[in-house]
Amino acid sequence: MWGGWITVSGCPTFWINMDKQATQRWLGLVSFVVGLLLGLVLIAVPVWADLESSYYGFQPFYAESLTTLHCPVLMERSEAGSMWVNVRNETDREINQVVMVRLSSPLAINESRETLTLAPGETRRLTWTIDASNIDLGTFVFAHVATYPVYPVPMREATCGVFVVDFPGLSGNVLFYGLLALCVLCLGVGLLLWDTSRISAISRLPTVRMAMRFLVVVLLVGMASSLMGLWMVGVLALVVVLLTITTLMYLATTG
C-alpha cells in the first residue's frame, strides 16, 4: 500500500493506492465485523430477555428445569405470536397432567391451568398466543410454565422472555431468521476473502485468520446456548467474543 499528495482544484489531497490483496483483506474484515456485530445482537437479545424473565415477579416453585419450553426470540409489537411447551407422559400408565401458564401483563400476571390426559409415553404440545396485551416493561413479553408432579415424575418449571421490536410489516420470526442468515453470510464472506488472499508467512495476519475461526465457533455456541435458554453460557460467550475482537482488531490493523 502506498500513497502521496496530489492537487485537485487547487486543494492538496492525500490519496492511497492499496494493492488487490490488501483491498480484499479489508473487505473481508469489514464483512466479518458486520457478521460479528449481528451475532452479538442475536446472543445478547435472548440473554437479556431471559434474564429479565427470571426477575420479573413470577413466584418460583424451585422445581426441576422444564427444558421443553419454547419462546420466540423476537416479536413485532403489533403481531400475535405463540409460545409452546412439550409435555410427555414418562410413566407406564395414563395420567392427567396439570400445566400452569403465567403470562406477563402491564396490569397483573395472567395465570391459567390446563389438564392434559396423556397415554403412556405420549407427548402433547400445549400452545398459547401472546400479543400486545402481554407486553410489559416496554419491550418484553414474559412467561412462566410449570408442570405439576405426577408420581414418580417431579414438578418442573421454566421461564422465558421475548424481545419486542417495532418493525411494521415484518414478523418477529422473519426478522430473527433474516438477521441470522445475514450474520452467517457476512461471516462466511469475510472468512472466504481472508482465506483466498495471499498473506506473508512472517505477517501477523495468519494469526488473525485463526482468531476469526475461533470467533465463529464461540459465536455459534453462544447463539445456540442463548436460544436454548442457557443464558450463563451466552454471557460467557459474549465476554469471550468481545475480548477476542479487541485482540483481532489490533492484529488486523497492525499486521
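Residues numbered from 1 in each chain as written. Predicted model: local features only at pLDDT ≥ 70, side-chain atom pairs only at ≥ 80, totals over all residues. Heavy atoms only, no water.

1. Focus on the nonpolar core
What counts is decided by this rule: Residues enter a nonpolar core if they are buried and are Ala, Val, Leu, Ile, Met, Phe, Trp, Tyr or Cys, with the set joined through side-chain atoms within 4.5 Å. For the exposure calls, accessible area comes from a 1.4 Å probe over protein chains only, and a residue counts as buried if that area is under 20% of its type's maximum, exposed if over 50%, partly exposed in between. Secondary structure elements follow DSSP: runs of H or I no shorter than four residues count as helices, runs of E no shorter than two count as strands, and numbering proceeds from the N terminus.
The biggest cluster of nonpolar side chains holds 35 residues, and the ones touching the most others in it are Phe32, Leu36, Leu74, Cys183, Leu187, Leu219 and Val241. Contributions of two or more residues to this core are made by helix H1 (20–54), strand S10 (140–147), strand S11 (156–165), helix H2 (172–195), helix H3 (205–227) and helix H4 (231–254). A per-element tally of this core places H1 first, with 10 residues. Within the second largest apolar cluster, 25 residues are counted, among which are Val87, Val99, Ile130 and Val162.

2. Here we look at the state of the cysteines
Applied cut-off: Cysteine sulfur atoms are paired as a disulfide whenever they come within 2.5 Å of each other.
Counting across every chain of the model gives 1 disulfide. Across the disulfide from Cys71 sits Cys160; the S-S distance is 1.7 Å. Residue Cys71 is found in the loop between strand S4 (69–70) and strand S5 (74–76), and its partner Cys160 is found in strand S11; the two are separated by 89 residues along the sequence. Across the pair, Cys160 and Cys71 agree in class, each one buried. Here Cys183 is not cross-linked by a disulfide; its sulfur's nearest cysteine counterpart is in Cys186, at 7.4 Å.

3. Some words on a nonpolar patch on the surface
Just so we agree on the cut-off: Like charges within 9 Å and nonpolar side chains (Val, Leu, Ile, Met, Phe, Trp, Tyr) within 5 Å are joined into patches, using only residues over 30% in relative accessible area that form no salt bridge. Residue exposure ignores everything except the shown protein chains as possible cover, and the areas themselves are Shrake-Rupley values with a 1.4 Å probe. We count a salt bridge whenever a side-chain nitrogen from Lys or Arg sits within 4 Å of a carboxyl oxygen from Asp or Glu.
A contiguous nonpolar patch, built from Val217, Val221, Met228, Leu230 and Val233 and spanning about 440 Å² of accessible area, is present on the exposed surface. Summarising the element assignment, Leu230 is placed in the loop between H3 and H4.

Keep in mind these values describe shape, not function.
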